[in-house]
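# Summary of structural features
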Amino acid sequence: MATVTFDQATRIYPKAEKPAVDALDLEIADGEFLVLVGPSGCGKSTSLRMLAGLEEVDAGSVLIGDRDVTDRPPKDRDIAMVFQNYALYPHMTVGENMGFALKLAGVDKAERARRVAEAAKILDLSEYLDRRPKALSGGQRQRVAMGRAIVRSPQVFLMDEPLSNLDAKLRVQTRTQIAALVKRLGTTTVYVTHDQVEAMTMGDRVAVLKDGVLQQCDTPGALYDRPANVFVAGFIGSPAMNLVTGPAVEGGVRVGGAVLPVPREQLARAAAGNGQVTVGFRPEAMHLVGPGEGVQVLVNVVEQLGSDAFLYTKLAGEDTDDVLHPSDVVIRTEPRSAPAMGEKLWLGVREGALHVFDAATQQRVE
Amino acid sequence: MTIASQSSPEAMTASPPAAAPATPDRTPARRRTTLTRNRWGYAYVAPFFLVFGAFSLYPFVYTAWISLHKTSLSDINGGTWVGLENYRNLLHNEFFWNAARNTLTIGVLSTVPQLCLALGLAHLLNYKLRNRTFFRTVMLMPYATSIAAATLVFSQLFGRDYGLINTVLQSVGLNPIDWEGGTWSSQIAIAVIVTWRWTGYNALIYLAAMQSIPGELYEAAEIDGASRWKQFLNVTIPSLRPTILFTIVVSTIGAVQLFGEPLLFAGNGTTSGGASGQYQTLGLLMYQQGWSNFHIGQAATTAWAMFMIILVVVGLNALIGRLRARADR
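Below: a short report on this structure. (Residues numbered from 1 in each chain as written. Chains lettered and ligands numbered in written order. Predicted model: local features only at pLDDT ≥ 70, side-chain atom pairs only at ≥ 80, totals over all residues. Heavy atoms only, no water.)

### Some thoughts on the overall build of chain B
If you tally the helices and strands in chain B, you get 13 helices and two strands. By residue count, 37% of the 329 residues in chain B fall in the buried class. Considering only contacts within chain B whose residues lie at least 6 apart along the sequence, 67% involve residues at least 24 apart. Carbon together with sulfur atoms contributes 67% to the accessible area of chain B, which is approximately 18900 Å² in total. (Helix = DSSP H or I, 4+ residues; strand = E, 2+ residues; numbered from the N terminus. Buried < 20%, exposed > 50% of the residue type's maximum accessible area, 1.4 Å probe, protein only. Contact = heavy atoms within 4.5 Å. Areas by Shrake-Rupley, 256 points an atom, 1.4 Å probe, with all protein chains shown as cover.)

### Digging into the packing of aromatic side chains
Counted according to the given criterion, the structure contains 25 aromatic pairs over all chains. Arranged with centres 5.0 Å apart and planes meeting at 80 degrees, the rings of Phe48(B) and Phe49(B) form a pair that is edge-to-face. Here Phe48(B) falls in the partly exposed class, since its relative accessible area comes to 46%. Phe49(B) sits in the partly exposed class, given a relative accessible area of 24%. Cluster of aromatic residues (ring-pair linked, three or more members): Phe154(B), Phe158(B), Trp179(B), Trp196(B), Phe265(B) and Tyr279(B). A cation over an aromatic ring shows up here: Arg148(A) above the ring of Tyr89(A), its NZ or CZ 4.9 Å from the ring centre. (Phe/Tyr/Trp six-rings, centres within 6.5 Å; stacked < 30°, edge-to-face > 60°. Lys NZ or Arg CZ within 6 Å of the ring centre and 35° of its normal.)

### Examining the side chain of Asn234(B)
Along the polypeptide, Asn234(B) turns up in helix α10 (residues 228-256). Overall, the relative accessible area of 19% leaves Asn234(B) in the buried class. Non-local contacts of Asn234(B), meaning those with residues more than four positions away in its chain, are made with His91(A), Met92(A) and Phe100(A).

### Looking at the nonpolar core
Residues and elements named next belong to chain A. The biggest cluster of nonpolar side chains holds 43 residues, and the ones touching the most others in it are Met98, Met159 and Val208. Looking at this core, the element that brings in the most residues is helix α4 (residues 138-150), giving five residues. Apart from the residues within four sequence positions on either side, methionine 98 is in contact with Val116, Ala119, Ala120, Leu125, Leu129, Val144, Gly147, Arg148 and Val151. Judged by nonpolar contacts, the second largest core, of 41 residues, contains Ala2, Ile79, Phe83 and Val156. (Core = buried A, V, L, I, M, F, W, Y, C linked by side-chain atoms within 4.5 Å.)

### A short note on the sheet that holds strand β1 (residues 4-11) of chain A
Residues and elements named next belong to chain A. If you trace the four strands from one edge of the open sheet to the other, you get β2-β1-β4-β5, paired in antiparallel fashion. Bordering the open sheet on either side are β2 (21-28) and β5 (67-68), each of which pairs with just one other strand. Pairing geometry for strand β4 (residues 59-64) and β5, over two bridges, is antiparallel. Considered in β5, the bridge of leucine 63 is made with aspartate 68. Where helix α1 (residues 44-52) meets the sheet, its contacts fall on β1, β2 and β4, and the angle it forms with β1 comes to roughly 115 degrees. (Pairing = 2+ DSSP bridges. Axes fitted to C-alpha atoms, helices over the stretch in contact; angles between N-to-C directions.)

### Digging into the sheet that holds strand β8 (residues 188-193) of chain A
Through backbone hydrogen bonds, the strands of a sheet pair up, either in parallel or in antiparallel fashion. Residues and elements named next belong to chain A. Reading across the sheet, the six strands line up as β6-β7-β8-β3-β9-β10 and stay open at both edges, with mixed pairing between neighbours. The outermost strands of the open sheet, each flanked by one partner alone, are β6 (79-82) and β10 (213-218). Here the strands of the sheet are splayed against their neighbours by 15 degrees on average, with no regard to which way each runs. Looking at chain direction, strand β7 (residues 156-160) and β8 are connected through five bridges and run parallel. Bridging across to β8, leucine 158 finds its partner in valine 190.

### A closer look at the environment of Met241(A)
Residue and element names in this part refer to chain A. Along the chain, methionine 241 falls in the loop between α8 (230-235) and β11 (242-249). For methionine 241, a relative accessible area of 5% corresponds to the buried category. As a C-alpha pair, methionine 241 and proline 283 span 42 residues in sequence and 6.5 Å in three-dimensional space.

### Structural notes on unusual backbone geometry
Residue and element names in this part refer to chain A. Across the junction of serine 238 and proline 239, the peptide omega takes the value -5 degrees, indicating a cis bond. Structurally, the position occupied by proline 239 is in the loop between α8 and β11. One non-glycine residue, lysine 15, lies in positive phi territory at about 75 degrees.

### Quick look at the pattern of salt bridges
Applying the stated criterion across every chain, the model contains 18 salt bridges over all chains. Glu55(A) is paired through a salt bridge with Arg11(A); the nearest N and O atoms lie 3.4 Å apart. Here Glu55(A), found in the loop between α1 and β4, pairs with Arg11(A), found in strand β1; they are 44 residues apart in sequence, far enough to count as distant. Taking the relative accessible area as the measure of exposure, Glu55(A) reaches 12% and is therefore buried. When the shortest N-O distance is used, the salt bridge between Glu55(A) and Arg49(A) registers 3.1 Å. Salt bridges linked by common partners bring Arg11(A), Arg49(A), Glu55(A), Asp58(A) and Glu219(B) together as one network. (Salt bridge = Lys/Arg side-chain N within 4 Å of Asp/Glu carboxyl O.)

### With respect to the interface of chain B and chain A
Counting residues at the interface gives 17 residues for chain B, matched by 22 residues for chain A. Between chain B and chain A, roughly 1800 Å² of surface is buried when both sides are summed, and carbon and sulfur atoms account for 62% of that area. A per-residue breakdown of the area chain B buries against chain A is headed by Glu219(B), Ile223(B) and Asp224(B), which together make up 37% of the total. Applying the counting criterion to the chain B and chain A interface returns two salt bridges. Between Asp224(B) and Arg152(A) there is a salt bridge; the shortest N-O distance is 3.6 Å. Our count for the chain B to chain A interface comes out at six residue pairs in polar contact (both at pLDDT 80 or more). Mapped by element, the contributors of at least two residues to the side of chain B that touches chain A are α9 (215-223), α10 and α13 (296-328) of chain B. Ranked by residues supplied to the side of chain B that touches chain A, first place goes to α9(B) with seven residues. Of the residues that constitute the side of chain B that touches chain A, the class distribution is eight nonpolar, two polar and seven charged. (Buried area = accessible area lost by both parts, 1.4 Å probe. Polar contact = N/O pair within 3.5 Å; in protein donor to acceptor, adjacent residues only side chain to side chain. Nonpolar A, V, L, I, M, F, W, Y, C, P; charged D, E, K, R; others polar.)

### Structural notes on α9(B)
Within the sequence span of α9(B), burial applies to Leu217(B), Tyr218(B), Glu219(B), Ala220(B), Ala221(B) and Ile223(B). Against α1, β6 and α4 of chain A together with α10 of chain B lie the buried residues of α9(B). With its phi angle positive at about 100 degrees, Gly225(B) sits one or two positions after the end of α9(B).

Below is the structure:
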């Protein structure tokens, strides 16, 4: 077990103009479960592969514990990796797949069998040890890939989208199992996903990347409550946070025909750039107010989920026929008393639930 | 080739009857449509089978017919029926066993190094190299060279008195070798020519198969602590197993039919395969029987014996492949 440190780690692919990972600074504590999340092409997998030693580090360094492993080959890093498509050796049995690393490390046969059997028991694979990967279901293959990693008792687990080849139901189930397993083993884990729900549910901390640059790294709760910039605000949470940009006016920000109140000092700092302010409010942070008090919206689509209902609404005066952009503001309401399509509503944002960003720098303003 | 195409028409005719026992009341209509459909199917495959029948199957069967006769080249149809006597003679013919032995040793001497070298070359070419296309093209050039040209150049290299190889041997203080005269030396020299011609071809086949191995397997092996060599043994070779089996089959067929290289090796195109037949292969023996000694019935028998040997070898390979596949399940 060990800490992991990215110190200004940079990767520039040959012939690329921009770095794939740009001066990444990240400290991962011993035993921590850190999730790297971001849209495709954000550099999250590249970061993981730099830690694995599968990708060169062009500048900066990567440390595991106190050891600088920047120029060490993967086998000297004491890591284990779970690949998106599992990368199981097709000609080896489940048992041989799981014991391969131990065999290469010169662990004797009896000890190897003991450790494989132990891991297989944890993962409920004991009866499949003599099968080959192609005779297993997707979920079982995924568990073999996990088993191959835990058999080695490495210092760090690296997981590159290990759930994305599973169907939706199994993904949710396996998500919980992996989180519980890793907690139990107490091994430092770096986990890459593009799915923010996965990131929020599994990570002790979540690092959000965009275009190779680290946007914010914090606990899931803190990311949700205090996103550092407009990108994180829009990326974390489902449905996404409502983000509306408007001019700063006396007392707040003009949105649609109304003014959302923002404290004077905060407003002044947020508008310092170009006079425009981006405000964000989550779907659950809205409540109905009397006519003329808040922002007027027109309900365009109603999504009934049973436990909640989501209203996709347009700001009053906007074009409601634009099918590609059916909504400016998403609202979560009680499913039983949800307003109908076509209704006009007046909305207010709950006290303290308004996020304010400088429209020019996209940064959060407190 | 021949074997595969022969089995295919059976496979095709086998499927329609399986579809026939459907619901009884609809059977006539169903049968009529399958017949109509099949008629078109047969029409589409007919050109191939016509050509195949005329130029492969007919000569094949006709050769078998001739092999049962005592006949000469000038009067092929006028032979006398002797039954299996040609085969009995062949099995008691010391030239046949000599040729069979030579074919086997030259085959092993050429096939084994050829395939090992091809694997190694393909592995090297699989790395990201500059001018990769250039190297791949170069590899295929020996294959594109005519046997005659290659063999004549090599017979110069292996020449006893002025050959380049003996000159080099002498310059480092070794005795020159009479490459053509000795049994082993002549067979090694011929194996070298065959290897030179076919290594690149096999390497390209291996390379194509290697490129379909997912890169993650190598990354996983690297993280598991496998060196390049261990990755080659534990990822590349197992993934190439079906391809290796294929190349073994093709090279074996080529080795059994070896003809051009030993014919031209001495430079004068004699079919005797050296003064004491030290490198006479089955192909040469057949040619000698039919076209030097004019015993075309005996030559046809040798041709069929070669075909039988190929059948046995290919069958063994298929059996090994089948057993491996079963073990893999």
